[in-house]
Amino acid sequence: MSAEQKALELPSTVRGDTGGGARRRLFADFAWEPWALAAALLVAWQITGNALAGEGNPLLPPPAVVLRALWDSLPELGRGTVSSFLILVPGYGFALVLGVALGLLAGTTPRLARAFFPFAKVAAPIPPTVFIPYAIAVLPTFHLSATFVVFLGAFWPIFQNAASGALSVEGRHRDNARVLGFSHFEYLRKVVFPASLPHIFSGMAVGLGFSFILLTVAELFGANAGLGRFVQYYADFADYPRMVAGILYTGAVTWAAMSLLDKLRHRALFWLR
Amino acid sequence: MTHAGHSLRIERLKFAYGDATILDGIDLSVHEGEFLALLGPSGSGKSTLLRLIAGLEAPTAGLVSAGGRPVAGPGTDRAVVFQHYALFPWMTVVDNVAEAVAKAHPTLSRGERRERAQAQLARVGLGEVGRHHPFELSGGMQQRAAIARALALESPFLLMDEPFGALDPINRARLQDLLVEVWRGSSPRRTVVFVTHDVDEALLLADRVAVMGANPGRVIAEYPVAFDRPRQRAALFKDAGFHHLREEIADALDADTLAHLEAA
């Protein structure tokens, strides 16, 4: 018994590495390649920008000009972010709740599976962008139409991944749940949901990507605020420094949201490591 | 925990998967408090028989009854320990056991369930690791926790499907001793069905051994194992009666295999 306990404690003592070795490893692990690529792109951008620079309005504003525009636009971009998130969060959140709930139910109830899966096969591949003009025309406010389209884009990947997660619950977990006398609801909550989390997170990542695409596309159509609207607005005025700044800023926001989701996934799936 | 009338009866049991008959003509009874080993080569359907008793599979024909009632599905009167320590990996060890406590005592609060689960873990020598997750434990410790969970159901029947098959010899011996100790230590005793392909393990643990043959799976012989308890490995392995019984069982298994070879 004591030998087993020692075996259990061993990894933590091994993991606590001493200073010198850790520092050397950190240095060896430092990945300079992405920074090199970024620097090369920046230089290429500067050179092309300079070459194209005519009088007045540059088509490709050089980095310094864009940075300046970005700095000047930060308050407006901040307000745009808030406006965009007021669409994104409810649309994505609703898709998440409904997609996971329906996906897990459909994946564990044969009758619901028979009802949902053929329908999903036809409905899911429709590019949600084609709904945008219709949603804007039919729904009373732009906010509602955009939220609906974001919901639609995020719902299908989350639903399909949750359902396939529920379908692939390992037999031993199912057996154990039955032997322990779990009710169907207990089985869903304590076994199917956690067991499907790896799939659900894949669906969430795909859905989040779609959400940002649909959000910005919808904003190009009819918004009076938001990230997509910012880019569209300054494109209309041929203010390319602000436009490029808006593109870069949107990229950064998307990246931040994706990283946050990835951190969440890493935390929730600790038992897979 | 009342064990009155907690015997198992299996009558004319048949189980088929499509055209393949896995089990046929099984008649077997296990009386209350008895430790029965189901011994057989792979392909003899011994695990399938255990799953039928657990209610995880439904018979094609015949009857399984536990405690006088026909088995119609899984029930918390029959705890099961599988070969691959099937704890839920997303729950801590103590929470895994607490799920079983919750079924045995639905009225307990969360804290009380945890306390009892912790006590059950301590009984199998895992008092220190309750708040860890299964992946942080060795195979032997995970199987101890699975046993703790099965015991926490406080069920009159305990069904075990090669529970020590994946363990190294030292852990296997420790857990064999632990199992017998826990079984003998509880009153009234549980009715145990223990599936194994290891003759020595069957003779060390069981009151009776049912030997199974293959194609289709059926019980070919039954042997009472009358050695005094507590049994010591060293003494048992020197015992002439032990070797005699061991030979007899090996012969029965060989005869079955030979009969199939000649038929083929």
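In this text, all values refer to a predicted model and were calculated from it rather than measured experimentally.

A.B. asks: Quick question: what am I supposed to make of the overall build of chain B here?
C.D. replies: Secondary structure summary: chain B contains eight helices and 10 strands in total. For 264 residues, the compact-globule estimate of 2.2 N^0.38 gives 18 Å, and the C-alpha radius of gyration of chain B, at 19 Å, lies within 12% of that figure. Seen through its C-alpha atoms, chain B measures out along the principal axes to roughly 60 × 45 × 35 Å. A buried classification covers 54% of the 264 residues belonging to chain B. Long-range contacts, defined here as pairs at least 24 residues apart, represent 70% of the contacts in chain B between residues at least 6 apart.

A.B. asks: Explain helix α5 (residues 110–123) of chain A to me, please; I cannot follow it from the model alone.
C.D. replies: Every α-helix winds through 3.6 residues per turn, so residues three or four apart in the chain are directed the same way. All names here are of chain A. Between its terminal C-alpha atoms α5 stretches 20 Å, which fits the 20 Å expected from 14 residues at 1.5 Å a residue. At phenylalanine 116, α5 shows its maximal kink, close to 25°; a proline, proline 118, follows between one and four residues later. If you check which residues of α5 are buried, you get Ala113, Ala120 and Ala123. Those residues of α5 that are buried lie in contact with α4 (63–108) and α7 (142–167).

A.B. asks: Quick question: what am I supposed to make of the sheet that holds strand β9 (residues 208–213) of chain B here?
C.D. replies: Residues and elements named next belong to chain B. Read from one edge to the other, the open sheet built from six strands follows the order β6-β7-β8-β3-β9-β10, with strand pairing classed as mixed. Each end of this open sheet is capped by a strand with a single partner; those strands are β6 (78–81) and β10 (218–224). On average, each strand axis in the sheet is inclined to that of its neighbour by 20°, with strand direction left out of account. In the sheet, strand β3 (residues 35–39) pairs with strand β8 (residues 191–196) via five bridges, with the strands oriented parallel. Looking at β8, one finds that phenylalanine 35 is bridged to valine 192.

A.B. asks: Looking at this structure, how should I read the packing of aromatic side chains?
C.D. replies: By convention here, two paired aromatic rings are described through the distance between centres and the angle between planes. A full pass over the atoms with the stated rule returns 21 aromatic pairs over all chains. Here the aromatic rings of tryptophan 156 of chain A and phenylalanine 159 of chain A are separated by 5.8 Å at their centres, their planes lie at 90°, and the arrangement is edge-to-face. Residue tryptophan 156 of chain A and its partner phenylalanine 159 of chain A are located together in helix α7, separated by three residues, close to a single helical turn. For the pair tryptophan 156 of chain A and phenylalanine 159 of chain A, one class covers both residues: buried. Aromatic pair tryptophan 271 of chain A and tryptophan 90 of chain B: ring centres 5.1 Å apart, planes at 70°, arrangement edge-to-face. With tryptophan 271 of chain A in the segment after α11 (240–268) and tryptophan 90 of chain B in the loop between β6 and α2 (93–104), the pair connects residues from two separate chains. Here tryptophan 271 of chain A falls in the buried class, since its relative accessible area comes to 10%. Cluster of aromatic residues (ring-pair linked, three or more members): Phe94, Phe116, Phe119, Phe151, Phe155, Trp156 and Phe159 of chain A.

A.B. asks: Sorry, what's going on with the interface of chain A and chain B here?
C.D. replies: By convention, interface size is frequently given as the accessible area that disappears when the constituent parts associate. Facing 22 residues of chain A, the contacting portion of chain B comprises 37 residues. Across the chain A to chain B interface the summed buried area is about 2,500 Å²; carbon plus sulfur atoms make up 63%. Seen at the junction of chain A and chain B, the total is three salt bridges. We note a salt bridge from aspartate 175 of chain A to arginine 51 of chain B, for which the minimum N-O separation is 2.7 Å.

A.B. asks: Which parts of the structure should I look at to understand the nonpolar core?
C.D. replies: Side chains of nonpolar character tend, in soluble globular proteins, to be buried together. In terms of nonpolar packing, the biggest core is built from 113 residues, with Val209 and Ile249 of chain B touching the most fellow members. Counting residues per element, this core draws most heavily on helix α9 (residues 184–222) of chain A, at 14 residues. Viewed by domain, this core spans two of them, domain 1 (8–77 + 156–263) and domain 2 (89–154) of chain B, each represented by three or more residues. Setting aside chain neighbours within four positions, we find isoleucine 249 of chain B in contact with Leu39, Val199, Leu203, Val209, Val211 and Tyr223 of chain B.

A.B. asks: Got a minute to help me understand the domain arrangement of chain B in this structure?
C.D. replies: Residues and elements named next belong to chain B. Domains assigned within chain B are domain 1 (8–77 + 156–263) and domain 2 (89–154). Computed from C-alpha atoms alone, the centre-to-centre distance between domain 1 and domain 2 is 26 Å. At the interface, 13 residues of domain 1 touch 12 residues of domain 2. By the criterion of area lost to domain 2, the three top residues of domain 1 are Thr76, Leu178 and Val182, representing 38% of everything that side buries. On the surface where domain 1 and domain 2 come into contact, there are zero salt bridges. Linking domain 1 to domain 2 there are two residue pairs in polar contact (both at pLDDT 80 or more).

A.B. asks: Would you take a moment to explain unusual backbone geometry for this structure?
C.D. replies: Across residues other than glycine, the phi torsion is negative in most instances, and most of the peptide bonds are trans. All names here are of chain B. Residue proline 188 is reached from serine 187 by a cis peptide bond, and omega for that bond is -5°. Mapped onto the fold, proline 188 is located in the loop between α5 (169–185) and β8. In this structure, glutamate 154 takes a positive phi of about 55° despite not being glycine. For glutamate 154, a relative accessible area of 31% translates into the label partly exposed. One non-glycine residue with positive phi stands out, namely glutamate 162, at about 40°. Looking at the element boundaries, glutamate 162 is found in the loop between β7 (157–161) and α5.

A.B. asks: Would you explain the UniProt feature "domain: ABC transporter" (unreviewed entry) in chain B in this entry?
C.D. replies: The feature "domain: ABC transporter" (unreviewed entry), as given by UniProt, occupies residues 8–239 of chain B in the numbering adopted here. Between the C-alpha atoms that bound residues 8–239 of chain B the distance is 31 Å, and the span itself is 34% helix and 27% strand.

A.B. asks: Teacher, can you tell me more about the environment of leucine 264 of chain A here?
C.D. replies: Along the polypeptide, leucine 264 of chain A turns up in helix α11. Expressed as a C-alpha distance, the spacing of leucine 264 of chain A and alanine 137 of chain A, which sit 127 residues apart in the sequence, is 37 Å.

A.B. asks: I keep staring at the pattern of salt bridges and nothing clicks. Help me out?
C.D. replies: Opposite charge on two side chains lets them pair, provided their charged atoms get close. Going through the model one piece at a time under the given rule, you end up with 22 salt bridges over all chains. Ionic pairing is found between arginine 9 of chain B and glutamate 11 of chain B, a salt bridge with its closest N-O pair at 3.0 Å. Accessibility expressed as a relative area gives 43% for arginine 9 of chain B, which makes it partly exposed. What makes glutamate 11 of chain B partly exposed here is its relative accessible area of 23%. Notably, a salt bridge pairs arginine 78 of chain B with aspartate 77 of chain B, separated by 3.0 Å at the nearest N-O pair. For the pair arginine 78 of chain B and aspartate 77 of chain B, one class covers both residues: buried. The network of salt bridges with common partners includes Glu186 and Lys190 of chain A together with Glu99 and Lys103 of chain B.

Rules and cut-offs
Residues numbered from 1 in each chain as written. Chains lettered and ligands numbered in written order. Predicted model: local features only at pLDDT ≥ 70, side-chain atom pairs only at ≥ 80, totals over all residues. Heavy atoms only, no water. Helix = DSSP H or I, 4+ residues; strand = E, 2+ residues; numbered from the N terminus. Rg over C-alpha atoms; globule rule 2.2 N^0.38 Å. Buried < 20%, exposed > 50% of the residue type's maximum accessible area, 1.4 Å probe, protein only. Contact = heavy atoms within 4.5 Å. Expected span 1.5 Å × (residues − 1). Bend = angle between axes of the 7 residues up to and from the residue. Pairing = 2+ DSSP bridges. Axes fitted to C-alpha atoms, helices over the stretch in contact; angles between N-to-C directions. Phe/Tyr/Trp six-rings, centres within 6.5 Å; stacked < 30°, edge-to-face > 60°. Buried area = accessible area lost by both parts, 1.4 Å probe. Salt bridge = Lys/Arg side-chain N within 4 Å of Asp/Glu carboxyl O. Core = buried A, V, L, I, M, F, W, Y, C linked by side-chain atoms within 4.5 Å. Domains from an automatic or database assignment. Polar contact = N/O pair within 3.5 Å; in protein donor to acceptor, adjacent residues only side chain to side chain. UniProt positions renumbered as here; feature names shortened; annotations may be inferred.

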